[in-house]
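# Fold and contact review
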Amino acid sequence: MTRTLARAKLWLVSDKDEPIIGEGKAALLKAINDEGSLNKACKKMGISYKHAWLLLKRSKRQLGNP
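These notes cover the structure that comes with them. (Residues numbered from 1 in each chain as written. Predicted model: local features only at pLDDT ≥ 70, side-chain atom pairs only at ≥ 80, totals over all residues. Heavy atoms only, no water.)

## Overview of the pattern of salt bridges
The final tally for this structure, using the stated rule, is 4 salt bridges. In this structure, E23 and K9 form a salt bridge, with 3.5 Å as the shortest nitrogen-oxygen distance. Of this pair, E23 sits in helix α1 (residues 23-35) while K9 sits in the segment before β1 (12-13), and the two are 14 residues apart along the sequence. Since its relative accessible area comes to 64%, K9 is described here as exposed. The closest approach of N and O atoms between K44 and D34, which form a salt bridge, is 3.9 Å. Residue K44 is found in helix α2 (residues 38-45), and its partner D34 is found in helix α1; the two are separated by 10 residues along the sequence. By relative accessible area, which is 51% here, K44 ends up exposed. (Salt bridge = Lys/Arg side-chain N within 4 Å of Asp/Glu carboxyl O. Helix = DSSP H or I, 4+ residues; strand = E, 2+ residues; numbered from the N terminus. Buried < 20%, exposed > 50% of the residue type's maximum accessible area, 1.4 Å probe, protein only.)

Below you can see the structure in the form of structure tokens.
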């Protein structure tokens, strides 16, 4: 018997239809939580610290909250 799985993707967008958070940023936040630091999360994900920091800074600005 073949199993059928349902999948969905969720992301937040601003009122200007600009993406705020999606799969990549959610993975970064999870890695930060798992690793306990942005630096360790970046190493785990293979991205630069500066790139990650800029992603988080942009999301923070769009959301209006830290």
